[in-house]
Amino acid sequence: MFERLRDVARRLDEVSYQLQDPAVLADPARYPALMKEYKALTPVVDAYSAYRKAEAACKEARALLEDGGLEPDFKEMVQQEFCENRQKLEELGRQLKILLLPRDENDGKNIIIEIRAGAGGEEAALFAHSLWRMYAMYAERQGWRCEVLGCSETELGGMKEISFLVEGQGAYSRLKFESGVHRVQRVPETETQGRVHTSTVTVAVMPEAQEVDLQLDLSEVKIDTFRSSGAGGQHINKTSSAIRVTHLPTGMVVECQDERSQYKNKDKALKVLRSRLLAQKQAAQKNEIDAARRSQVGTGDRSERIRTYNFPQGRLTDHRVGLTLYKLGSIMNGGLDEVLDTLVTADQAEKLRAAGEEG
């Protein structure tokens, strides 16, 4: 590990030197790439520097204690300093192991989230709206920006489906574990006898695809226009501004009618299509090389129930990590950090276990 850390420190020095080169500063492709690498390497080197500092302090304190002849008060102070730095070494060692784990290449990307009502009819659609609201409020807390790309609403205010873009640092790394089936247990607004119903909603979280990630051949895309449908209004049904994009090789279909501009709807639809295709491609690759690891947390199948929201008991249960919290109201208002922190920690622990077995 320490040889790798020394290599990282040397690489950071090289990158820092290159970033001072006027030719690099003027290069629109090279400069952003080096800055991205600089930001990724800096936390590792900072933690390594702190580790070395604590290690030196431990050695110095141990030497003083072994030499003996210290005044009682001074000896107690040195002993306390030794214990504190030894504890710091353990914490920094764990942190460095995590920092050296292979990074998910998508962690720095924006994301597209798609939420679809599943089993449960109108109640599922209403819960789909609740999940959209939960993610939007969490994004606001993080200082991220949300943009709706497409939405199909029901008469009672639910959502058959919604897709939206989340832009912000760390969006994918925090929300990538949300993909799967979310189950809700509550008394629907339409229930007259107070019975608890169980409904499901599916969530898909995809990294936003850029042109460099996936080249979309427009000759393989069929684009149709149709008239928007919705709650009404002067603009509705007067112009064919809605767009339906069909990817011919896969049969994948994306519709967008949120914007009055046909061109804006087309851009949004293509953005969603590109991200879906990238997610499909990455999922296929992951299934081939990472099936064993994915099986350690549930089955890794997106169709698996990952979480239950029990409103009568105010309880949220994440079935992948055995987490149960009785603070459902706070979570539905965007307080997702405790849930997400647990999932991130479990993923890191599994990666460390796998790395240990490989080593």
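Summarised in this report is the structure supplied together with it. (Residues numbered from 1 in each chain as written. Predicted model: local features only at pLDDT ≥ 70, side-chain atom pairs only at ≥ 80, totals over all residues. Heavy atoms only, no water.)

### Some remarks on the nonpolar core
Ranked by size, the top nonpolar core spans 35 residues in total, and within it Ile 113, Ile 115, Leu 131, Tyr 135 and Tyr 309 carry the most contacts. Sorting the residues of this core by element identifies β1 (111–117), α5 (122–142), β3 (159–167), α6 (171–175), β5 (197–207), β11 (323–325), α9 (328–332) and α10 (337–358) as the ones contributing at least two each. Top contributing element to this core by residue count: α5, with eight residues. Beyond its immediate sequence surroundings of up to four residues, Tyr 135 is in contact with Ile 115, Phe 164, Leu 175, Glu 178, His 182, Val 203 and Leu 336. (Core = buried A, V, L, I, M, F, W, Y, C linked by side-chain atoms within 4.5 Å. Buried < 20%, exposed > 50% of the residue type's maximum accessible area, 1.4 Å probe, protein only. Helix = DSSP H or I, 4+ residues; strand = E, 2+ residues; numbered from the N terminus. Contact = heavy atoms within 4.5 Å.)

### A word on the packing of helix α1 (residues 2–18) against helix α3 (residues 30–67)
Running from amino to carboxyl end, α1 crosses α3 at an angle of 135°, the nearest separation of the two axes being 8 Å. Here α1 is positioned oblique relative to α3, judged by the angle of their axes. The chirality of how α1 crosses α3 is left-handed. Here Phe 2, Leu 5, Arg 6, Val 8, Ala 9, Arg 11, Leu 12, Val 15, Ser 16 and Gln 18 of α1 come into contact with α3, specifically with Arg 30, Leu 34, Glu 37, Tyr 38, Leu 41, Thr 42, Val 44, Val 45, Tyr 48 and Tyr 51. Taken together, the residues that form the contact of α1 with α3 break down as 13 nonpolar, three polar and four charged. (Axes fitted to C-alpha atoms, helices over the stretch in contact; angles between N-to-C directions. Parallel < 35°, antiparallel > 145°, perpendicular 65-115°, else oblique. Left-handed = near helix turned anticlockwise from the far one by under 90°. Nonpolar A, V, L, I, M, F, W, Y, C, P; charged D, E, K, R; others polar.)

### Description of the sheet that holds strand β8 (residues 252–256)
Strand order in this open sheet of three strands is β6-β7-β8, and the pairing throughout is antiparallel. Both edges of this open sheet fall to β6 (221–226) and β8, since each of them pairs with a single strand only. Strand-to-strand, the axes of this sheet are offset by a mean angle of 15°, without reference to chain direction. (Pairing = 2+ DSSP bridges.)

### Looking at the packing of α3 against helix α4 (residues 72–99)
At a closest axis distance of 8 Å, the pairing of α3 and α4 adopts a crossing angle of 150°. Between α3 and α4, the angle is such that the two are roughly antiparallel. Regarding α3 and α4, the two cross each other, and that crossing is left-handed. Here the residues of the contact of α3 with α4 sort into 18 nonpolar, four polar and six charged.

### What about a nonpolar patch on the surface?
Together, Leu 64, Phe 74 and Met 77 line one region of the surface with nonpolar side chains, adding up to about 250 Å² of accessible area. Counting through the fold element by element, Met 77 comes out in helix α4. Here Met 77 falls in the partly exposed class, since its relative accessible area comes to 48%. (Patch = residues over 30% accessible without salt bridge, like charges linked within 9 Å, V, L, I, M, F, W, Y side chains within 5 Å. Areas by Shrake-Rupley, 256 points an atom, 1.4 Å probe, with all protein chains shown as cover. Salt bridge = Lys/Arg side-chain N within 4 Å of Asp/Glu carboxyl O.)

### So, the pattern of salt bridges
The tally for this structure, following the rule as stated, stands at 18 salt bridges. Here Arg 145 ties to Glu 167 by a salt bridge, and the two come within 2.7 Å at their closest N and O atoms. Highlighted residues: Arg 145 in strand β2 (residues 145–153) and Glu 167 in strand β3, separated in sequence by 22 residues. A residue is classified by how much of its surface remains accessible, and Glu 167, at 26% relative accessible area, is partly exposed.

### What to know about the packing of aromatic side chains
Per the counting criterion, the structure on display carries four aromatic pairs. An angle of 65° between the planes, with centres 4.8 Å apart, marks the rings of Trp 132 and Phe 164 as edge-to-face. Of the two residues, Trp 132 is situated in helix α5 and Phe 164 in strand β3; the sequence distance between them amounts to 32 residues. The pair Trp 132 / Phe 164 is uniform in exposure class, with both members buried. Ring centres 5.7 Å apart and planes at 80° place the aromatic pair Tyr 138 and Trp 144 in the edge-to-face group. An identical accessibility class is assigned to Tyr 138 and Trp 144; each is buried. Connected via pairs of aromatic rings, a cluster forms that spans Phe 127, Tyr 309 and Phe 311. Positioned above the aromatic ring of Phe 311, the side-chain terminus of Arg 186 is 5.0 Å from the ring centre. (Phe/Tyr/Trp six-rings, centres within 6.5 Å; stacked < 30°, edge-to-face > 60°. Lys NZ or Arg CZ within 6 Å of the ring centre and 35° of its normal.)

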